[in-house]
Structure formats: C-alpha cells, structure tokens
Amino acid sequence: MAIQFGREICGNLDIAETREWLVTNGIGGYASGTVAGLLTRRYHGLLVAALKPPLGRTLMLAKLDETILYGDRFYPLNTNRWGDGIVSPEGYLCVEQFSLEGTVPVWRFAYADALLEKRVWMQQGANTTYIQYASVRATVPLQLGLKAMVNYRDYHGITQGNSWQMALDPVDLGICVTPYPGATPLYLLGDGATATIVHNWYYGFDLAVERYRGLSDREDHLHAATFQVTLNPGESFTFVASTESHPNLDGAAALKLRHTQEQKLLGQWKASRSIKAKEPPQWIHQLVLAADQFIVDRPLADEPQGKTIIAGYPWFSDWGRDTAIALPGLTLCTGRSEIARYILRTFAKYVDRGTIPNRFPDVGEAPDYNTVDATLWYFEAVRAYHSATEDDALIQELFPVLADIIDWHCRGTRYNIHLDAADGLLYAGEEGWQLTWMDAKVGDWVVTPRIGKPIEINALWYNAVRSMANFARRLGKPHQEYEAIANRTLARFSRFWNQDLGYCYDVLDGPDGDDLSLRPNQIFAVSLPLVGAQGIAPLLNPTQQKGVVDACGQTLLTSFGLRSLSPEHPQYRGRYGGAPLQRDSAYHQGTTWGWLIGAFVFAHLRVYKNPVQARQFLEPMANHLCDRGIGSLSEIFDGDAPMTPRGCIAQAWTVAEVLRAWFATEE
C-alpha cells in the first residue's frame, strides 16, 4: 500500500492541514508539520532538537517560507494562517502530490510546465535536518527563495518575539544563529546558495490545533535569513539545519544513507520471519518503519548503549509504562532483539524501591515513580524477550532486580502498593495520586483514581509472579515461593467476576466499595500470556473468559480500539477535545485507545481460536495510516463515530500492539 495523495487532499486546506508528517533522528529530536505546509501546532517545526538526548527538546527551525521565480512569474509554495484568520500565501494550491518514501515525506509542486520535488529527513544520531529541492521538470532555470523562520524555546512553549535580538553571523555557506549567550547555536547552510541576513520578526502565526486544545494559539517566529539558489532543469539543492557547525552537506549521500538504513530495518525484520510463508501487506511494512521512530538513545555512564522508547510524538517523553508495553511489538516483532536487551538493561538501572519510573521529566529532574503497572509490564517485557531469544544470561543478570521487585510488592512500597495478605491480591493507591494507565489528573483532581485492587494490576501481578517462577526454575533457583504467591492470587481472583452482569468488576475494595463500571481493563485477565497459558491455571474459567471478550466486543469495541468506559455509563464522554479540563475529563471516560486493540485480539484468539476473524479487527488501522499522523498510528480516538483520531499523531504502544497482534494471527 503506497501512501500517496493528489490534489483531492493536498488542494483542500481543511483536509491537508489535518494530515501530519513526522521524521525522527533516533536521539529524541524530530521534525513534523502538515501536508499543506501550514503550522497548526506549537510542536511543528523542521528542527526540534534533543539538546539533552533523549530530552531537552527545543524548537530551533520552525519553517521555511519558499518562493519560486520561474520565467517571469513568482509562485509562493508556502502556506501561513495569521491571527486574523487570513490564509496568505496559499502555496498548498501548488501541491500536486504528497507521498512517503519509507518515512521521508515528499511533495511535488506543480506550476506552469514545471515540477519541483521537496523531501525532508533527519540524520540518525544528530540534530540535523535536511530539506532537499529538486527541479524534476522545467524548460528554463528557476530561482528558489527560502525564508528561514527560527526560534529557540522548549517544545511545549510558545514565543512572543517582542524585542528579542538574536545574534546572526555569517559562516561559510550560510549563517549561524545564536539566540542568546550560552544557547546552542543553529547552523543554517546550503552549498551553492546565497544567504542574506534579515532579522525580522513575523508576528501572529495562527495555531488552529492549539486553539482546539484550549491553549494559546498565536506564535511569532524570526525571519533570520533568506537563501537564494538557481536550479537548472534536473538539478537539486539541499538546505541543512543543524546544531553541528560542519554537518554533511551532501544531500544525495545523506538521502541515500537514510534509505539504506530503512532498507536495513526491513531486511532485518524479514530475516527474522524466515519461516513465515506469506508476505505481510505493505501497510505492515510501513508500521515496521514507524516502529523505529520511537526507539531512541538513553546513554548512561555504565550503559553507553542504553536505549529507551519515546511514548508518542509530538509531545511525550519516555515513560516506563509505555516503554514496557511497546517493547515486544517495536523490537521483538521487528527482528531487533538486541534493542530490546538494551532497553531492559537500561530500565533496570532505574529500579527504586521495587518500581521503575513512570516517566522522565523533560527538563531532566529525577524520574517520577507514581505508577503501579509500569513495573509489572516490565516483567512481561522481560518474559517476552526471553521467550523470543532464550537469553538466559540476561535473566541471570536481571534476576536479583526482579526478585527485589517482587519482595517490595509483597511487603509494601510507595503509594500504598502492597500485597493484601488476606486474599493475595495487590492493592495500590493513595488520595491524590493516579497510579494506573488511566492517569488523567487536572490540578488536584484525579479523574479515574482507581484506588484499591484494579483488575489488570492483579492480572499483571499474577503474570509477573508466574514469570518469576519460570525464571527461577530455568536458572536452577528456588521457585516454590513464587508459585505459592501466584496460587494465592489465583485462589481469590474469582472475586472480580460479577455473575449478575456477566463481566468483571474494574476495581475491588476501593474507598466506595467495588467498582462495577464496564471498562476495558478486564481484557488483560484473558489476553496476558500466563493468565491462561497451557499448563498454567487460568484466572478466569472459559465461560468467564468468553463473557469478558463478549462484553468488551459488544460495548467497548470500535474500529480503532476499545473505549475506556461503556457508553451506557452516566460519566461517558464520547468526544475528546477542548481545554485541558474538558480533554482530561474525557481521556479515560469513553475515549477510544488504539493500543487496547492488541489485547482484544489476543483475548479473542484465546476464546474463539479464529485467527482470520481476529485479524479483521486490525484492518481499519491500514486506512488510518493515511490519516492524521501519516505512516503511523494515533494515540486515541473519539469514542463516538466516526472515531476521529486525537492526541499524539504517532503513539508507540498503538504501533507496537497492532504489529504484535497482526503477527499473532499468523500463528
């Protein structure tokens, strides 16, 4: 499946500004924008550099405003919407085609009898963006003008220019931008172009998506310099934006390297599937490439090859929960087990009081540990890795850490996370804290606190302790204690089943009693590998498993995942949008989550044993690759039809779980 749009999309601004592209550099930096070339988010830019990899993300080059002089006529190729609502210029009207070459976005601008191609990509391992222009069809030379719009702010922020004076200095083949003393310089370079320093603020770029999100929707950018170059028919020019003073300026070589790297990723994946007879469809190939965009470096002093996973673009950092959930799909399903190993070893370094971090703050302070499920998902990631590789050496290395985690949970750790000796179920939660994946919080208001014994936490706990028993047995260590803990959890897990409703309680023993809300969390009591694997006692009997799958399928399932709350619940919210209060109050109160489609497919397979039917639940995601985040999968969707994509345009665990579930339906 080729991702390609013509004028039916590119020439319709209402649609073209909702289609967003993304390229990344493997250290946390990225570039992103719209097919129309219009800025709609504070997170858009041609160089959002990771100055403290994988974080410290800083907007440095916002955009290039492009014009063409061809013959005796000027053609604007850029598009801007201003604070008064006026769109000027309307360069999107020249876009004849947009497509992806792997993950590289490609525009074709048509004007008179000429055709200009534009590509954007980043160098892996560097804060360097390439923007290449090629005159692929023309009868006379064209003159290309590029107005470089720069900035220097945290990627969550917004800039009002006022009287900000940046230092603009000429350098060989371009200019150097130093926003203020001590700031990281930005080098804007182009071999063969003439650079003219300008320093002129453009005020009032309108950011429509920020307005929809109830946030400040006006931003200023500095026109730092104009680059001009003449292209004869068949020639190309590459503009380079970098934090390095001497980046590679050979655009052809840099592009070839990017394509070679992507072909290597696909080759590695295909080699790992050597025993599979049938070639997956092209949209799965695209997801394999998308998977790589989330894997980034997190080097440590004693782990220089440390790796982590960015939870989502454009605004998330690396979260422990998201990393652990996404690891199997992003790495093991793509033939990159060595990356999985690096990630598991990296996060082991951060275990504290029996838990891994919930998230790493953008500004680099100490990690937050307010999570009960991230550590249990880490266990599942370790289990999945060992199942795929039989790497006993890593299990031997991690075993003391894993044993310490189990011990802390049994005797109690932060946020009142502890094993209840009375029934063998795991309790978690304190007033004012959100510990599960349903973690929306507005000020002091925790929208879905879920204090007590959440069902997926106890399914994960059972899965983790069974895994630990298997690891101990594998290494010749005592395993009886772990088996006994698991058996105690198993013995009382039946408390979750509500016979009258035909599905499970969401939380037991909460401050207000048992929560009978129909939520998707119970699907994990069926889908996790060790909650009902052959030879291991299941948490739910076959009738109960079918009840869970049917309840989720008939009430929560949408084309793109599971709703976070039943539409029949009085607190259900079927639309996600508005100011932070409105958005967060809907985040886990009806919003559809794409990553949950994976667990549903696995549970459906376990109950119905019909891989053809199970795979059908994934097929809408193929079409979604052409929507919102082009070539990737969104974080969330409205609960109500038509399930409009919302949130991050590219989400790690959505991509990962669709890949993992797709390949499971082959087996």
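All of these numbers come straight from a predicted model, not from anything done at the bench.

Rules behind the numbers
Residues numbered from 1 in each chain as written. Predicted model: local features only at pLDDT ≥ 70, side-chain atom pairs only at ≥ 80, totals over all residues. Heavy atoms only, no water. Helix = DSSP H or I, 4+ residues; strand = E, 2+ residues; numbered from the N terminus. Rg over C-alpha atoms; globule rule 2.2 N^0.38 Å. Buried < 20%, exposed > 50% of the residue type's maximum accessible area, 1.4 Å probe, protein only. Contact = heavy atoms within 4.5 Å. Lys, Arg positive; Asp, Glu negative; His and termini not counted. Charge placed at Lys NZ, Arg CZ, Asp CG, Glu CD. Phe/Tyr/Trp six-rings, centres within 6.5 Å; stacked < 30°, edge-to-face > 60°. Lys NZ or Arg CZ within 6 Å of the ring centre and 35° of its normal. Pairing = 2+ DSSP bridges. Salt bridge = Lys/Arg side-chain N within 4 Å of Asp/Glu carboxyl O. Axes fitted to C-alpha atoms, helices over the stretch in contact; angles between N-to-C directions. Parallel < 35°, antiparallel > 145°, perpendicular 65-115°, else oblique. Left-handed = near helix turned anticlockwise from the far one by under 90°. Nonpolar A, V, L, I, M, F, W, Y, C, P; charged D, E, K, R; others polar. Polar contact = N/O pair within 3.5 Å; in protein donor to acceptor, adjacent residues only side chain to side chain. Expected span 1.5 Å × (residues − 1).

Novice: Give a description of the overall build of the protein chain that names residues and reports values.
Specialist: Counting its secondary structure elements, the protein chain contains 18 helices and 37 strands. Against the compact-globule benchmark of 26 Å for 667 residues, the protein chain has a radius of gyration of 26 Å, which places it among compact chains. Considering only C-alpha atoms, the protein chain reaches an extent of 80 × 55 × 50 Å along its principal axes. In the protein chain, buried positions account for 63% of the 667 residues. Considering only contacts within the protein chain whose residues lie at least 6 apart along the sequence, 65% involve residues at least 24 apart. Averaged over its 59 positive side-chain charges, the protein chain has a centre that lies 3 Å from the centre of its 72 negative ones.

Novice: Describe in detail the packing of aromatic side chains, supporting the description with residues and values.
Specialist: All chains considered together, the criterion is met by 35 aromatic pairs. Summarising the aromatic geometry, the rings of Phe600 and Phe617 are spaced 5.1 Å apart at their centres and angled 85 degrees between planes, so their arrangement reads as edge-to-face. Of this pair, Phe600 sits in helix H15 (residues 596-608) while Phe617 sits in the loop between helix H16 (611-616) and helix H17 (620-624), and the two are 17 residues apart along the sequence. Grouping aromatic residues by their ring pairs yields a cluster made of Trp377, Trp437, Phe524, Tyr576, Tyr587, Trp593, Trp595 and Trp653. The ring centre of Trp662 lies 3.7 Å from the NZ or CZ of Arg615, which sits over that ring.

Novice: Can you tell me about the sheet that holds strand S27 (residues 453-454), naming the residues and giving the values?
Specialist: Ordered in space as S27-S30-S31, the 3 strands form an open sheet in which the pairing is antiparallel. Of all strands in the sheet, those bounded by a partner on one side alone are S27 and strand S31 (513-515). One ladder, built from 2 bridges, connects S27 with strand S30 (residues 507-510); its direction is antiparallel. Bridging from a neighbouring strand, Pro454 pairs with Val507 of S30.

Novice: Please provide a residue-by-residue account of the sheet that holds strand S16 (residues 186-189), values included.
Specialist: Spatially, the 9 strands line up as an open sheet ordered S1-S9-S10-S11-S12-S19-S16-S15-S14, and their pairing is antiparallel. Edge strands, defined here as strands with exactly one partner in the open sheet, are strand S1 (4-5) and strand S14 (167-171). Pairing analysis gives 5 bridges linking S14 to strand S15 (residues 174-178), with the strands arranged antiparallel. Bridge pairing in S15 links Asp169 to Cys176.

Novice: Describe the pattern of salt bridges, with residues and values.
Specialist: Taken as a whole and assessed by the stated rule, the structure comprises 46 salt bridges. With a closest N to O distance of 2.7 Å, Arg298 and Asp318 form a salt bridge. Taken together, the residues Arg298 in the loop between strand S20 (295-297) and strand S21 (307-309) and Asp318 in the loop between strand S22 (312-313) and helix H6 (320-332) connect sequence positions 20 residues apart. Like Arg298, the residue Asp318 is buried in the burial classification. Here Arg660 ties to Glu657 by a salt bridge, and the two come within 2.8 Å at their closest N and O atoms. Of this pair, Arg660 and Glu657 both sit in helix H18 (residues 652-664), separated by 3 residues, roughly a single helical turn. Looking at Glu657, the relative accessible area reads 3%, which means it is buried. Through salt bridges that share partners, Asp420, Asp423, Lys453, Arg495 and Asp509 make up one connected network.

Novice: Outline the packing of helix H8 (residues 374-389) against helix H9 (residues 392-411), supporting the account with residue identities and numerical values.
Specialist: As a packed pair, H8 and H9 sit with axes 11 Å apart at the nearest point and diverge in direction by 155 degrees. As far as their axial angle goes, H9 and H8 are roughly antiparallel. The crossing of H8 and H9 is left-handed. From H8, Thr375, Leu376, Tyr378, Phe379, Val382, Tyr385 and His386 reach across to H9, where they touch Asp392, Leu394, Ile395, Leu398, Leu402, Ile405, Ile406 and His409. Considered class by class, the residues forming the contact of H8 with H9 number 11 nonpolar, 3 polar and 1 charged.

Novice: So what about the environment of Ile131? Which residues, and what values?
Specialist: Following the sequence through the fold, Ile131 ends up in strand S12 (residues 128-137). Separated by 59 residues in the primary sequence, Ile131 and Gly190 have C-alpha atoms spaced 9.9 Å apart. Ignoring sequence-local partners within four residues, the contact set of Ile131 consists of Leu46, Leu64, Lys118, Arg119, Val120, Phe237, Thr238 and Phe239.

Novice: Any chance you could break down the environment of Tyr130 for me, citing the residues and the numbers?
Specialist: When you line up the elements, Tyr130 lands in strand S12. On the basis of relative accessibility, which here comes to 1%, the residue Tyr130 falls in the buried class. Linking Tyr130 and Asn25, residues 105 residues apart in sequence, is a C-alpha distance of 11 Å. Excluding anything up to four places from it in sequence, Tyr130 contacts Arg119, Val120, Trp121, Gln123, Thr238, Phe239, Val240, Asn248 and Ala254.

Novice: Outline the side chain of Arg258, listing residues and values.
Specialist: Relative to the helices and strands, Arg258 is located in helix H4 (residues 251-272). Engagement of the side chain of Arg258 in a polar contact is seen with the side chain of Gln261, the distance being 3.2 Å.

Novice: I'd like a description of the packing of helix H7 (residues 337-348) against H9, backed by residues and values.
Specialist: Running from N to C, H7 and H9 cross one another at 10 degrees; their axes reach a closest spacing of 11 Å. As the angle between them shows, H7 and H9 are arranged roughly parallel. On the side of H7, the interface is formed by Arg341, Leu344, Arg345 and Ala348, while H9 contributes Ala393, Leu394, Glu397 and Leu398. For the contact of H7 with H9, the residue count by class is 5 nonpolar, no polar and 3 charged.

Novice: Any chance you could break down H7 for me, citing the residues and the numbers?
Specialist: Look at H7: 17 Å from first C-alpha to last across 12 residues, which is about the 16 Å you get at 1.5 Å a residue. Residues of H7 that are buried include every one of Ile339, Ala340, Ile343, Leu344, Arg345, Thr346, Phe347 and Ala348, and no others.

Novice: So what's going on with the pairing of strand S3 (residues 30-34)? Which residues, and what values?
Specialist: The element S3 is largely enclosed, with a buried count of 5 among its 5 residues. Alternating positions in S3 separate into two faces, Tyr30, Ser32 and Thr34 on one and Ala31 and Gly33 on the other, with burial throughout. The pairing of strand S2 (residues 20-24) with S3 spans 5 bridges and is antiparallel. Counterpart to Thr24 in the pairing with S3 is Tyr30. Between S2 and S3, which pair antiparallel in sequence order, lie 5 residues; one of them, Gly26, sits at a positive phi of approximately 80 degrees. As judged from the 2 bridges shared by S3 and strand S4 (residues 45-52), these two strands associate in the antiparallel manner. Residue pairing for S4: Ser32 is matched across the bridge by Gly45.

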